[in-house]
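Next come the chains, spelled out residue by residue.
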Amino acid sequence: MRRIPLLLALLSPSLALAERIGEVSTVFKWFGPNDRIVIEAFDDPKVEGVTCYLSRPRTGGVKGGLGLAEDRAEASIACRQVGKIHFREEIKDGEVVFKERTSLVFKSMQVVRFFDEKRNTLVYLVYSDRVIEGSPQNAVTAIPILPWGE
């Protein structure tokens, strides 16, 4: 299980940490873990009342088991209002709220947040980037800010 290293989390307190919700196996591997799709959840660190769910592939095998494999750039995201929305501090468009490496050094998957003021909606985009070349594969989700029960 690869996560943001503790040191990075301490240096970047504005980034969320993901919680594993579940996974399914997609390809059997004789040695090491199977290839799989994992589902993770994280709460937006600056917006109380918002939880995002990510599904993405994880490469198995010997390299995957050792954390040396490069995961594919595909991901899906669904963010939901799970309580009264409250901004803990000022937010900026395009701010990274979640980031995790998907290869040993050069590739990462990240989630950025935007605020559509005209429609009073939070928009979250997940994409993968690489030092030399990124991927156009992405997914987007939007949450209209609605009143929450008393």
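As a reminder, the structure under discussion sits directly above these lines.
Residues numbered from 1 in each chain as written. Predicted model: local features only at pLDDT ≥ 70, side-chain atom pairs only at ≥ 80, totals over all residues. Heavy atoms only, no water.

## Regarding the state of the cysteines
Enumeration over the complete set of coordinates arrives at 1 disulfide. The disulfide that involves cysteine 52 links it to cysteine 79, with 2.0 Å between the sulfurs. Between cysteine 52 and cysteine 79, the S-S dihedral sits near 105°, and the bridge is therefore right-handed. On the criterion of sequence distance, the pair formed by cysteine 52 in strand 3 (residues 47-58) and cysteine 79 in strand 4 (residues 76-87) is long-range, its members being 27 residues apart. Neither residue differs from the other here; cysteine 52 and cysteine 79 are each classed as buried. (Disulfide = S-S within 2.5 Å. Helix = DSSP H or I, 4+ residues; strand = E, 2+ residues; numbered from the N terminus. Buried < 20%, exposed > 50% of the residue type's maximum accessible area, 1.4 Å probe, protein only.)

## Topic: the environment of threonine 26
Mapped onto the elements of the fold, threonine 26 is located in strand 1 (residues 19-27). On the basis of relative accessibility, which here comes to 45%, the residue threonine 26 falls in the partly exposed class. Between the C-alpha atoms of threonine 26 and arginine 58, which are 32 residues apart in sequence, the distance is 9.6 Å. Not counting chain neighbours up to four residues away, the residues in contact with threonine 26 comprise Asp35, Arg36 and Ile37. (Contact = heavy atoms within 4.5 Å.)

## Quick notes on the pattern of salt bridges
Here the idea is simple: oppositely charged side chains can pair when their charged atoms come close. This model, assessed by the stated rule, comprises 8 salt bridges. Between arginine 20 and glutamate 23 there is a salt bridge, and its shortest N-O distance comes to 2.7 Å. On the accessibility criterion, arginine 20 (24% relative accessible area) is partly exposed. What makes glutamate 23 partly exposed here is its relative accessible area of 43%. Between aspartate 44 and arginine 113 there is a salt bridge, with the nearest N and O atoms lying 2.8 Å from each other. On the criterion of sequence distance, the pair formed by aspartate 44 in the loop between strand 2 (35-43) and strand 3 and arginine 113 in strand 6 (residues 107-116) is long-range, its members being 69 residues apart. (Salt bridge = Lys/Arg side-chain N within 4 Å of Asp/Glu carboxyl O.)

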